[in-house]
Amino acid sequence: MRRDYFTLEASNLDSPGIPTVSIDFEGPADELVDRLTDAAGEPLSPDEVDVAYRLQGPIAESSEGVVAVTNRVTGEFVLELNADSEDVLRFIDAAREHGSEGNEEHRYRIRVTVDGDHLLEAEKGTFLVYDADGGLVRQHSLIPSGVEL
């Protein structure tokens, strides 16, 4: 699937409510639907999906990167899309603030839709950020307390 088939929009960054990232897919849906279901054809559960961001250069306002949603069970990529690091880090800061109110397990919500149909909706507490060399950037990642990586 091509990255340009996806659009990303973040909401609730400066307002009450759980920060939400909405990813809309505008391409052939069969492959994405297949990636968002398990071997039995059931939708992946929130615990079976991980979200990460990989920088393509140094952390800077103009730096680009790739948001990736992966299947935790198989390790396969579900989807990838390009995103500006300033926007992603602002989203992570909002999610960190939301989580500081007492619920680290549900710091943000991710939605994936095709033509208005929700294929995935999950509340998550972890959002890992990696540098261009694949090293974890802990200070910008959302890692629940008590979790060792």
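Described in the following lines is the structure provided in the data block.

For the chain, the helix and strand inventory stands at two helices and eight strands. Counting only C-alpha atoms, the chain reaches 35 × 35 × 30 Å along its principal axes. Counting across all 149 residues of the chain, residues that qualify as buried make up 40%. When the accessible surface of the chain is split by element, carbon and sulfur atoms take 46% of a total near 8,100 Å².

Checked against the element boundaries, Thr113 lands in strand β6 (residues 108–114). According to the relative accessible area criterion, Thr113 is buried, its value standing at 13%. With sequence-adjacent residues up to four places away left out, Thr113 is seen in contact with Ile23, Asp24, Phe25, His118 and Leu119.

The next thing to look at is the pairing of strand β7 (residues 117–124). Relative to β7, β6 is paired through seven bridges, and the arrangement is antiparallel. Bridge assignment links Ile110 to a residue of β7, and that residue is Ala122. Counting the residues between successive antiparallel strands, the hairpin from β6 to β7 contains two residues, one of them, Asp115, with a positive phi of roughly 50°.

Take the nonpolar core next. In summary, soluble globular proteins display a tendency toward joint burial of nonpolar side chains. Formed by 34 residues in total, the largest nonpolar core has its most connected members in Ile23, Leu32, Leu79 and Phe127. For this core, the element with the highest residue contribution is helix α2 (residues 85–99), accounting for six residues.

For the rest of this paragraph, the subject is the packing of aromatic side chains. Taken as a whole and judged by the stated rule, the model has five aromatic pairs. A ring pair is formed by Tyr5 and Phe25, whose centres lie 5.7 Å apart and whose planes are at 85°; its orientation type is edge-to-face. Placement of Tyr5 in the segment before β1 (6–11) and of Phe25 in strand β2 (residues 20–25) is noted, with a sequence separation of 20 residues between them. Phe25 gets classed as buried once you look at its relative accessible area, which sits at 1%.

For the rest of this paragraph, the subject is α2. Here α2 contains 15 residues, and its C-alpha end-to-end distance of 21 Å stays within 8% of the 21 Å for a straight helix at 1.5 Å per residue. When we look at burial in α2, the residues that qualify are Ser85, Val88, Leu89, Phe91, Ile92, Ala94, Ala95, His98 and Gly99. Its side-chain oxygen 3.0 Å from the backbone nitrogen of Glu86, Asp84 forms the N-cap of α2.

Pairing within the open sheet is mixed, and its four strands lie in the order β5-β4-β3-β8. Single-partner strands in this sheet number two, and they are β5 (77–84) and β8 (128–130). Taking each pair of neighbouring strands and ignoring which way they run, the sheet shows an average axis angle of 25°. Sheet analysis places strand β3 (residues 49–55) next to β8, joined by three bridges and oriented parallel. Bridged to Ala52 within β8 is Leu128. α2 rests against β3, β4 (64–71), β5 and β8 of the sheet, and its axis sits at about 110° to β5.

The rules behind each value
- Residues numbered from 1 in each chain as written.
- Predicted model: local features only at pLDDT ≥ 70, side-chain atom pairs only at ≥ 80, totals over all residues.
- Heavy atoms only, no water.
- Helix = DSSP H or I, 4+ residues; strand = E, 2+ residues; numbered from the N terminus.
- Buried < 20%, exposed > 50% of the residue type's maximum accessible area, 1.4 Å probe, protein only.
- Areas by Shrake-Rupley, 256 points an atom, 1.4 Å probe, with all protein chains shown as cover.
- Contact = heavy atoms within 4.5 Å.
- Pairing = 2+ DSSP bridges.
- Core = buried A, V, L, I, M, F, W, Y, C linked by side-chain atoms within 4.5 Å.
- Phe/Tyr/Trp six-rings, centres within 6.5 Å; stacked < 30°, edge-to-face > 60°.
- Expected span 1.5 Å × (residues − 1).
- Polar contact = N/O pair within 3.5 Å; in protein donor to acceptor, adjacent residues only side chain to side chain.
- Axes fitted to C-alpha atoms, helices over the stretch in contact; angles between N-to-C directions.

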